[in-house]
Amino acid sequence: MLFSVLCVASVVVLAASEPPAVSTAPFPDPLVFENGEPVETQEDWQTRRAEMRDLMLRNQYGAIPSAPVPVRLAETLAEETQNNGATLFRTVRLAVGAENAFPVRVEMYLPAGGAGPYPAILRVGLGCPVVQEINERGYIFACYENQDFDFDTLGNDKIGPAQAMFPDCDWGSLAAWAWGASRVLDYLLTLPEVDPQRVVITGHSRTGKTALLAGALDERFALVVPNGSGCGGAAAYRRYGPECETLELITRPSRFASWFHKDFRRFADKEPELPFDQHFLRALVAPRPVLSTDALGDLWANPIGTAAACRAAQPVFEFLGVSENNAMHFREGKHDQLPEDYRVLLDFADHHFFGKPLTCTYGEGPGEK
Ligand code: GCU
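Residues numbered from 1 in each chain as written. Predicted model: local features only at pLDDT ≥ 70, side-chain atom pairs only at ≥ 80, totals over all residues. Heavy atoms only, no water.

## Overview of the pairing of strand 11 (residues 326–331)
Burial analysis of strand 11 places 6 of its 6 residues in the buried class, which makes it a mostly covered element. Side chains of strand 11 alternate between two faces, with Asn 326, Met 328 and Phe 330 and Ala 327, His 329 and Arg 331 buried alike. As judged from the 6 bridges shared by strand 10 (residues 290–295) and strand 11, these two strands associate in the parallel manner. The residue of strand 11 that forms the bridge with Thr 293 is His 329. (Buried < 20%, exposed > 50% of the residue type's maximum accessible area, 1.4 Å probe, protein only. Helix = DSSP H or I, 4+ residues; strand = E, 2+ residues; numbered from the N terminus. Pairing = 2+ DSSP bridges.)

## Some points on the packing of aromatic side chains
Tallied over the full model, the rule gives 17 aromatic pairs. Both rings, one in Tyr 144 and one in Phe 149, keep their centres 5.8 Å apart while their planes meet at 90°; by these two values the pair is edge-to-face. The same class applies to Tyr 144 as to Phe 149, namely buried. Taken together, a centroid distance of 6.2 Å and an interplanar angle of 80° make the contact between Phe 166 and Trp 171 edge-to-face. An identical accessibility class is assigned to Phe 166 and Trp 171; each is buried. Ring pairing ties together the aromatic residues Phe 102, Tyr 144, Phe 149, Phe 166, Trp 171 and Trp 179, which thus form one cluster. Over the ring of Phe 151 we find Lys 158, and its NZ or CZ is 4.4 Å from the ring centre. (Phe/Tyr/Trp six-rings, centres within 6.5 Å; stacked < 30°, edge-to-face > 60°. Lys NZ or Arg CZ within 6 Å of the ring centre and 35° of its normal.)

## Some remarks on the confidence of the model for the protein chain
A low pLDDT score tells you not to read the predicted coordinates there in detail. In the predicted model, the protein chain carries a mean pLDDT of 93, and 94% of its residues have values of at least 70. Scored below 50 in pLDDT, residues 1–13 shows 28 contacts in the model against residues more than four places distant or in partner chains. (pLDDT = per-residue confidence, 0-100. Contact = heavy atoms within 4.5 Å.)

## Thoughts on the environment of Arg 123
Position of Arg 123 relative to the elements: it lies in strand 6 (residues 118–124). Taking the C-alpha atoms as reference points, Arg 123 and Lys 356, 233 residues apart in sequence, are found 23 Å from one another. Beyond its immediate stretch of four places on either side in the chain, Arg 123 contacts Phe 141, Ala 142, Cys 143, Tyr 144, Thr 202, Gly 203, His 204, Gln 337 and Tyr 342.

## Let's talk about the site of the ligand
Ser 205, Arg 206, Lys 209, Glu 245, Ile 250, Arg 255, Phe 256, Trp 259, Trp 300 and His 335 make up every residue found near the ligand. A distance of 2.7 Å is found between an oxygen atom of the ligand and a side-chain nitrogen or oxygen belonging to Ser 205. Contact distances for the ligand include 2.8 Å between an oxygen atom and a side-chain N or O atom of Lys 209. For the ligand, the protein covers 84% of the area, taking 320 Å² as the surface of the free molecule. Among the residues forming the shell around the ligand, the class breakdown is 4 nonpolar, 2 polar and 4 charged. (Near = heavy atom within 4 Å. Polar contact = N/O pair within 3.5 Å; in protein donor to acceptor, adjacent residues only side chain to side chain. Areas by Shrake-Rupley, 256 points an atom, 1.4 Å probe, with all protein chains shown as cover. Nonpolar A, V, L, I, M, F, W, Y, C, P; charged D, E, K, R; others polar.)

Encoded structure:
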C-alpha cells in the first residue's frame, strides 16, 4: 500500500508496510501493576503511575533530567499594545541553565488593562490564530520556540542545547521540548499576571505530542490539550485506522527517529509487544483534565486510534472519581489547530476552572465503542 504525505514544500511518498495485524490487540491495563497485582487504593495508583511513567520514558521518549536548572529573564525584546488595545504583547529571551545557559524565545499576549492573575494557555511552538479572542476571554496566551531546546531535523539529528547540557540523558526531541515547556512554566510562574493554578498546555501535531508528554509529566499543568497529535501523541499504537502514521513510519531514520529514544524502533511492527500504549500517557494526566482535539479527516494522525486510547484510559479517571476529566473532541476537516479548536479548549477550560457550562459534547469519537 502506498500513501503520500505532504511534507514542507515537497511531496514525500512513503512505502508503508501492510497495516500490521494489531488492530484488536488488547491494551495493557493501567490499573494492574507489571507484577500482575491490581491497583486498589489511591496510594497504589501513585506507585502505578510512577511505574507507567518510567515504562514510557525508558522505552519511547528517553529520560528527562530531574536536576533543577535555573531559568531567568535575560532580556525583554519587545512590549507593545496590540489588537485595538485588547492585548499587551511581550517578547522575552530567557536564559536556561547556570553556566553555558542557552537562550529561549517566549512570546506572551496578556489581556491589557488589568492586573490579573489570569489563567494562561502555554503553547509549544510559536503562533496562534485567535490571540485577541483569548485575551478578551480573560486568558493569557504564551508560546515558546521549542527548537531553542532541541533542533527539529528530518533525518539528520543534531545535538540541541538541552541535550548538550545533559550529555548522559538518552532523550529524544519530544522529551527535550517537553522539558522545555516545564522550564518556560518555571518562568511564567514568577509573573504576577499568571494564575499558578490555571495553566493549560497545548500544541499541535509534533508540538501536540510534546504538549501531552509535558502535561503528563509536569503536574503543575492544570489542563492538558494536545491537538492533532497522532502517532507518538494521543493515538494508540494498537489501533491503526486507515492511512495513519505507524510506529514503523515515524521511527524511520530518514524521518523522525530522533524525536524518540534511540531504541524505540525495535517495536516497529511489534506493537502488541509494547509494555504500554498511549492511553498510559493520557492516564498519567489524571486526575487533572485532559482534552484531545482532532479532526476526523486527519487520517495520518489516526483519529480512530486517539478515540481508542481515550476510551482505554477511562478506567483510571473512573477509579479516581473524575470520569468527566478525560475528554476528546473531533471536528470535521483536516490537520490544523484552528480557531474552532481553541474555542473548544477555552470552553473546556472555563468549565473546569470556573464552573461554566460545557458547550459541546466531549466524549464521542470514531471507531469501536
Ligand atoms: C509529520 C509527522 C507527524 C507530525 C507532523 C507535524 O507529518 O509524520 O507525526 O505530527 O509531521 O508535526 O506536522
